[in-house]
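# Analysis of the macromolecular model
One letter stands for each residue in the lines below.
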Amino acid sequence: MSSQNSRSIKSLLLRHEVLLVLVLVLEIFYFLNNARNFGTPDNLSNIVRHSAEIGLLALAMMPVILTGGIDLSVGSLLGLCAVLFGVMTHDWHWATLPAAFVTILLGGLAGAFNATLITALRLPPLIVTLGTYSLFRGLAEAITQGTKTYRSFDPGFLGLGEFRFLGLPLQGWVLGFAALFFGILVHLTVFGRSFRAIGYSPEGTRYAGIPVLRRTAMPYILAGLTAAVAALLFTARLQQARADAGTGYELAAITAVVLGGTSIFGGSGTVYGTLTGIAAIAILSNGISRVPAVLKAGIGGELASLLTGALLLLALAAPALVRLLQSARKQPTT
Amino acid sequence: MKRSQFLALLAAPAFAFLPGCGKSGDAASAPGGSVEKRLTIAFLPKSKGNRYFSTCEKGARAAAEELKVDFLFDGPTNTDPAKQNEIVENWITLGVDVIAVACENREGISGALKKAQAKGIKVVTFDSDTTPDARSFFVNEATDEGIGHALMDGAAQLCGEEGEFALICATLTAANQNQWRKQIEARLAAKYPKMKLVDSKPCDDQKDKAQQEATNLLSAYPNLKCIMAICSPAVPGAAEAVKQAGKSGAVKIIGLGLPSENRAYVKEGVTQSLILWNVEDLGYLAVQTAYAVANGTLKAGDKTMKAGRLNEVEIDGTSVLLGKPFVFTKDNIDQFQF
Amino acid sequence: MNRYFRELSVTGALVLLLAVLAIWAPHFYQPQPLLSRFTAQTPALILTIGMTLVMIVRQIDISVGAQFGVCAVVAGLISASGAPLIVALAAALAAGAIMGALNGVLIAWMGLPSIVVSLATMVTWAELLRLFQQGKFINLPANVQWFGLSQSAGQQGLIFGSVLLLAGVSWLLKNRSGGRHIYAVGSDAEAARLAGINPKLTTFTVFVIMGTLAGLAAVLNMVQSPQVDPKCGVALELRAIAAAVVGGVAVSGGRGRLWGSFAGLLLLATINPALTFLHVEAYWEKAIQGLVILLAVIADGLRSRRQTS
């Protein structure tokens, strides 16, 4: 009994998410002691505001990866949605609210386009979204002829970029709401649990009577909707809409999801793990640029990327390393 | 950063991770008890890992050393247009005294800079400006108008004011490139009715891509008389394409580029006109201006300022003038090492 | 016909595009610029060969662009110091092989997912390269360009060598046991293991080959101009992956032919000049490339659906 208990504690400790929380705590502890003005309320609010768009994309990416898929098009779609929003508010003189609503709708439609190709034609998600990665960005560039920037939005809308409620920036509330939504969807609904089952074994899930294709489509549509919401946040924060919005965000989102313990092959992962992954990356890149020695050398940006890459590799390799150690320890006794 | 410092810099963060070590080496946050508080100047280029801005950084570091200020340097390492804003917002909470920034995005960054000003942080811009209400001074190497006119007039002169020319830029979305293109097109429409801009191509800030684009342009437009390259990797790229096509001298090249990357082509006569200001001095003057603004020695309305090794520098309104851009030729290009 | 559906349809699309150019933009076929254009694609072709192998073995490598950049700077610095080209080539190949081996160890022996591993190594190489070189161009001695030969001889040599390599690897893939092992491991690693193949060793070897080819590609790029731009590898991985995908290599592994990838690369590489020659604005390029990728896979999907139903 007691040995069973200790084993379960040990396996709990080896759980990816728990290790990641430990990393997060270490990061925070280290930066509180060594990084300049890290723990100030203004800086904490910076961290939330700066990571909101990538965070949203990561939360939406998580169910996609859970089903064994991937969506490389979310960053480009963010750019396309930002441009479309600009077209509606500026060229067509729509009011902000209907324009925002239609933008989100179009984001969902773009997600549905991915979903249709992936499910109806059974094409590999990596390739489909590699194509739409190029297509969506290309459309954004074509619409703006590459050069046009939409500026001077409605002041009320731009205010959202700086808006705070109960001390937390709006971005934090949106991120929290999205985390709650995806958390409930993935972990508490039968519908969402099937994502995991599909990722684990699509054939088995089909035999269990679950409409695999229809369920696989849903995460891509949600990713499209989320990318549109992120586009609105991005536009409000930067006070402009241009075709290059969200460049490279797809890889940052995937990094957060994988760091958060979701298997890139699908079938396992948690939303709170993803949330921890987002936090670990955001805090690392904010904090490392405040460490005096790094500040002095002027290498904050590069170091943040390098350390994120190293963390990602470590997180992936940790289970394999533990297994190696265990088998090495076992061998002498047998 | 010199390459010799590379390993030392890689080691620095490793030491920083030892608890306490970072703190003891922290001159920047040392309480201003014994000596007067050192000024902190934060320097933000448009992008990192770029020869133009690493040259700027060299000059800026030299000025910081002369003035005995703490010098912070960071910048975007990718093409995320939000990155500069994030760095400025982080510097606000870090507590710097002055921010010197080369704006990637004229309007986009103004909100963040105004936030900094509201917190009592002085802002100066260099290389490319933001909106005038978001900074106190702009260290001006050349105005958009000045650059646009110099390039267009130069191209017109090379072509005898008539014929076709093409343009190669960095990316389609780069804000300051677009400002220049606008000025070039305006000048073209106003002064050179017999010239025609047949095509504009982006080269993604890569020399090899510029070379391929130029190769295509040369054969797609057989009457092309000139290629105008408005980002620094595009100039040697276009030159190599013209050379390989055997059209050296027949198709002229004018561009904004670094002497070190174009020396051979200028000497061989492939590239006729290379324009640039002294980039190292630009960084140097930016830090000097930032220092003077923070100390209160430079105020609105001043007509000149003292800037260390550059001596007296003229000021026009709120623009600190670096002086006229150089036109590099066969005869003088060897004098410039950047 | 059916067996080669994908390769033939891509070749067909390429021929169509070339025909359009022949009618509306005959300038496209001027021999010297055509030779230059083709030569400029040889580094991408070498990378595409490697990427095809990687994808056949059911992996992916998004770090090749960064590897290419590192190898280019290694070769450039060595050439600039006055060492003979062969030394620079050896160093670039070695650097590539080491970076490939690192990917290989993590992916083959530790069983980590290639997309994430190569994402992490991509970031690592790219950032280290930026810190080290600071975007500074490397000026090369005069005898490096075109191997010290004349321009046309150098260009023909590069094209001949790359196509020869393509044909050679293609033959090896089809006719030698090592090549067949790659297909076997890609379609079913467990079955391959039971058949006596070592899947880990095969996968590892493929990543080492990929890295070595990245080194070779970097040198072939270097000899085309008198300077090395340290940013020369940026986004090259996407070009190689897209070429392989359009050319019919399956991401699910075990399927694909090198000449298909070759046709895919030529198709994608012709779009850009075609826009210039047909006077289409540059801002359409990305959208059209995306559309070509999608059309290629949609055609595939529709066909396999008709077959199953």
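Residue numbers here run from 1 along each chain, matching the order of that chain's written sequence. Naming scheme: in the order in which they are written, chains are lettered from A and ligands are numbered from 1. Per-residue local features of the predicted model are confined to residues with pLDDT of at least 70, and side-chain atom pairs are confined, for both listing and counting, to 80 or more; whole-chain, interface and lining totals are unaffected and use all residues. Hydrogen atoms and water are omitted, and side-chain values are computed over all heavy atoms in the structure.

## Digging into the overall build of chain C
Just so we agree on the cut-off: Counting from the N terminus, the helices are the DSSP runs of H or I reaching at least four residues and the strands are the DSSP runs of E reaching at least two. Taken over C-alpha atoms, the radius of gyration is set against a globule rule of 2.2 Å times the number of residues to the power 0.38. Burial classes follow relative accessibility: with a 1.4 Å probe on protein chains only, a residue under 20% of its type's maximum area counts as buried, one over 50% as exposed, and anything between as partly exposed. Contacts between residues were defined by any pair of non-hydrogen atoms, one from each residue, lying within 4.5 Å. Each accessible area is a Shrake-Rupley estimate made with a 1.4 Å probe; only the visible protein chains count as cover when residues are assessed. In this count, Lys and Arg are taken as positive residues and Asp and Glu as negative ones, while His and the chain termini are left out. For this purpose, a charge sits on NZ of Lys, CZ of Arg, CG of Asp or CD of Glu.
Along the backbone of chain C there are 12 helices and two strands. Computed over its C-alpha atoms, the radius of gyration of chain C comes to 19 Å, within 12% of the 19 Å expected for a compact globule of 309 residues. On the principal axes, the C-alpha backbone points of chain C span a range of 60 × 50 × 35 Å. Taking all 309 residues of chain C together, the buried fraction comes to 57%. Look at the contacts in chain C between residues 6 or more apart in sequence, and 80% of them connect residues 24 or more apart. Approximately 11800 Å² of chain C is accessible, and the part contributed by carbon and sulfur atoms is 68%. On chain C, the mean spot of the 19 positive side-chain charges and the mean spot of the 10 negative ones are 8 Å from each other.

## What to know about the packing of aromatic side chains
For the record, the criterion: By convention, a stacked pair of Phe, Tyr or Trp rings (six-membered ring in the case of Trp) has centres within 6.5 Å and planes under 30 degrees apart, an edge-to-face pair has planes over 60 apart, and any other such pair is tilted. Here, a charge over a ring is recorded when the distance from Lys NZ or Arg CZ to the ring centre is within 6 Å and its angle to the ring normal is within 35 degrees.
Applying the stated criterion to the full structure yields 24 aromatic pairs over all chains. Ring centres 5.1 Å apart and planes at 80° place the aromatic pair Phe28 of chain C and Tyr29 of chain C in the edge-to-face group. With a relative accessible area of 4%, Phe28 of chain C lands in the buried category. Look at Phe28 of chain C and Phe277 of chain C: their rings are 5.3 Å apart centre to centre, the planes differ by 85°, and that puts the pair in the edge-to-face class. With Phe28 of chain C in the loop between α1 (5-24) and α2 (31-56) and Phe277 of chain C in helix α11 (residues 258-277), the pair connects residues that are 249 residues apart, well separated along the chain. Each member of the pair, Phe28 of chain C as well as Phe277 of chain C, is classed as buried. One cation-aromatic arrangement involves Arg206 of chain A over Tyr207 of chain A; the distance from NZ or CZ to the ring centre is 5.3 Å. When the ring centre of Tyr284 of chain B is taken as origin, the NZ or CZ atom of Arg309 of chain B, which lies over that ring, is 4.0 Å away.

## Describing the interface of chain A and chain B
Operational definition: Buried area, as used here, totals the accessible surface that two parts lose on assembly, with accessibility defined by a 1.4 Å probe and the loss added over both. Just to be clear on terms, a salt bridge is a Lys or Arg side-chain nitrogen sitting within 4 Å of an Asp or Glu carboxyl oxygen.
Every contact between the two is made by 45 residues of chain A and, on the other side, 40 residues of chain B. Between chain A and chain B the total buried area reaches about 3800 Å² when both faces are included, carbon and sulfur atoms providing 51% of it. For chain A, the biggest contributors to the area lost against chain B are Arg36, Leu238 and Arg242 of chain A; these three give 15% of the whole. The tally of links between chain A and chain B comes to seven salt bridges.

## Notes on the packing of helix α8 (residues 170-188) of chain A against helix α9 (residues 190-200) of chain A
Residues and elements named next belong to chain A. The criterion, for reference: Each axis is a line fitted through C-alpha atoms, and for a helix only the stretch in contact is used; angles between axes span 0 to 180 degrees, taken between their N-to-C directions. Throughout, the term roughly parallel applies to angles under 35 degrees, roughly antiparallel to angles over 145, roughly perpendicular to angles from 65 to 115, and oblique to all others. Residue polarity follows a fixed list, in which Ala, Val, Leu, Ile, Met, Phe, Trp, Tyr, Cys and Pro are nonpolar, Asp, Glu, Lys and Arg are charged, and the others, Gly among them, are polar.
Close contact between α8 and α9 brings their axes to 5 Å; oriented N to C, the two are set at 70°. Classified by the interaxial angle, the pair formed by α8 and α9 is roughly perpendicular. Packed against α8, whose contacting residues are Leu185, Val186, His187 and Leu188, the element α9 presents Val190, Phe191, Gly192, Arg193, Phe195 and Arg196 at the interface. Across the contact of α8 with α9, the residue classes break down as six nonpolar, two polar and two charged.

## Describing the pairing of strand β2 (residues 70-73) of chain B
Residue and element names in this part refer to chain B. As a reminder, the rule being used: For two strands to pair, DSSP has to find at least two bridges joining them. A crossover counts as right-handed when, viewed with the strands pointing away from the observer, the path leading from the first strand over the helix to the second turns clockwise.
On β2, burial covers both faces: Asp70 and Leu72 on one face and Phe71 and Phe73 on the other are all buried. The sheet contact formed by strand β1 (residues 40-44) and β2 spans four bridges and is parallel. Considered in β2, the bridge of Ala42 is made with Leu72. In this fold, β1 hands off to helix α3 (residues 51-67), which returns the chain to β2; that crossover is right-handed.

## Observations regarding the confidence of the model for chain C
What counts here: Across the chain, each position has a pLDDT score giving the predictor's confidence in that residue, from 0 to 100.
In this model, chain C carries a mean pLDDT of 94, and residues with pLDDT of at least 70 account for 99%. Ranking the elements of chain C by mean pLDDT puts helix α12 (residues 285-308) of chain C last with 86 and helix α3 (residues 64-80) of chain C first with 98.

## Remarks on the sheet that holds strand β3 (residues 98-101) of chain B
To summarise the sheet geometry, strands pair through backbone hydrogen bonds and adopt either a parallel or an antiparallel arrangement. All names here are of chain B. Read across the sheet, eight strands follow the order β2-β1-β3-β4-β5-β13-β12-β11 without closing on themselves; strand pairing throughout is mixed. Looking at which strands have only one partner, the edges of the open sheet turn out to be β2 and β11 (304-306). Each neighbouring strand pair of the sheet contributes to a mean axis angle of 25°, computed without reference to strand direction. Examined bridge by bridge, β1 and β3 share four bridges and lie parallel to one another. Among the inter-strand pairings, Ile41 is bridged to a residue of β3, identified as Val98. Lying over the sheet, helix α4 (residues 83-94) contacts β1, β2 and β3, oriented at roughly 170° with respect to β1.

## Some thoughts on unusual backbone geometry
Residues and elements named next belong to chain B. Here the phi dihedral of Glu161 falls at roughly 60°; this positive angle occurs in a residue that is not glycine. You can see Glu161 is positioned in the loop between α6 (144-159) and β6 (163-169). Under the relative-accessibility criterion, Glu161 is labelled partly exposed at 45%. A positive phi angle, close to 55°, is found at Asp204, a residue other than glycine. Mapping Asp204 onto the fold places it in the loop between β7 (195-202) and α8 (207-220).

## Quick word on α8 of chain A
Residues and elements named next belong to chain A. For the record, the criterion: The span one expects for a helix is its residue count, reduced by one, times 1.5 Å.
Here α8 contains 19 residues, and its C-alpha end-to-end distance of 26 Å stays within 8% of the 27 Å for a straight helix at 1.5 Å per residue. All buried positions along α8 are accounted for by Leu170, Gln171, Gly172, Leu175, Ala178, Ala179, Phe182, Gly183, Leu185 and Val186. Among the structural elements, α3 (41-66), β1 (164-165), β2 (168-169), α9, α11 (212-238) and α13 (271-288) are those in contact with the buried residues of α8.

## Side note on helix α10 (residues 236-246) of chain C
All names here are of chain C. When you tally the buried positions in α10, you get nine out of 11 residues, the bulk of the element. Taken together, the buried positions of α10 are Leu236, Glu237, Ala240, Ile241, Ala242, Ala243, Ala244, Val245 and Val246. Downstream of α10 by a residue or two, Gly248 has a phi angle that is positive, lying close to 95°.

## Looking at the pattern of salt bridges
The final tally for this structure, using the stated rule, is 40 salt bridges over all chains. Glu162 of chain A is the salt-bridge partner of Lys115 of chain B, the closest N and O atoms lying 3.1 Å from each other. Of this pair, Lys115 of chain B sits in helix α5 (residues 110-118) while Glu162 of chain A sits in the loop between α7 (155-159) and β1, placing the two residues on different chains. Members of the salt-bridge network, linked through shared partners, are Arg49 and Glu162 of chain A together with Glu89 and Lys115 of chain B.

## Here we look at the nonpolar core
Selection criterion: Grouping buried Ala, Val, Leu, Ile, Met, Phe, Trp, Tyr and Cys residues that are joined through side-chain atoms within 4.5 Å yields what is termed a nonpolar core. Where a domain begins and ends is set by an automatic assignment or by a domain database.
Core analysis: the biggest nonpolar cluster contains 289 residues, and Phe43, Phe126, Met228 and Trp277 of chain B have the highest contact counts within it. Both domains that furnish three or more residues to this core are identified here as domain 1 (3-142 + 278-323) and domain 2 (144-276) of chain B.

## Details of the interface of chain C and chain B
Our working definition: In protein, a polar contact means a hydrogen-donor-capable atom and an acceptor-capable atom, both N or O and within 3.5 Å, with residues adjacent in sequence counting only if both atoms are side-chain atoms; elsewhere, any N or O pair within 3.5 Å suffices.
Facing 44 residues of chain C, the contacting portion of chain B comprises 41 residues. Carbon and sulfur atoms supply 49% of the area that chain C and chain B bury against each other, a total of about 3400 Å² over both sides. Taken together, chain C and chain B are joined by one salt bridge. A salt bridge links Asp205 of chain B to Lys231 of chain C; the shortest N-O distance between them is 3.3 Å. Linking chain C with chain B are 21 residue pairs in polar contact (both at pLDDT 80 or more), by the criterion used here. Elements supplying a minimum of two residues to the side of chain C that touches chain B: α2, α5 (114-133), α6 (151-175) and α11 of chain C. When its residues are assigned to classes, the side of chain C that touches chain B shows 17 nonpolar, 20 polar and seven charged.

## Focus: the sheet that holds strand β10 (residues 273-276) of chain B
Residue and element names in this part refer to chain B. Strand order in this open sheet of six strands is β7-β6-β8-β9-β10-β14, and the pairing throughout is mixed. Lying at the two open borders of the sheet, with one neighbouring strand each, are β7 and β14 (326-328). Averaged over all pairs of adjacent strands, the angle between their axes in this sheet comes to 20°, without regard to strand direction. Relative to β10, strand β9 (residues 252-256) runs parallel, the two sharing three bridges. The residue bridging Leu256 from the neighbouring strand is Ile275, located in β10.

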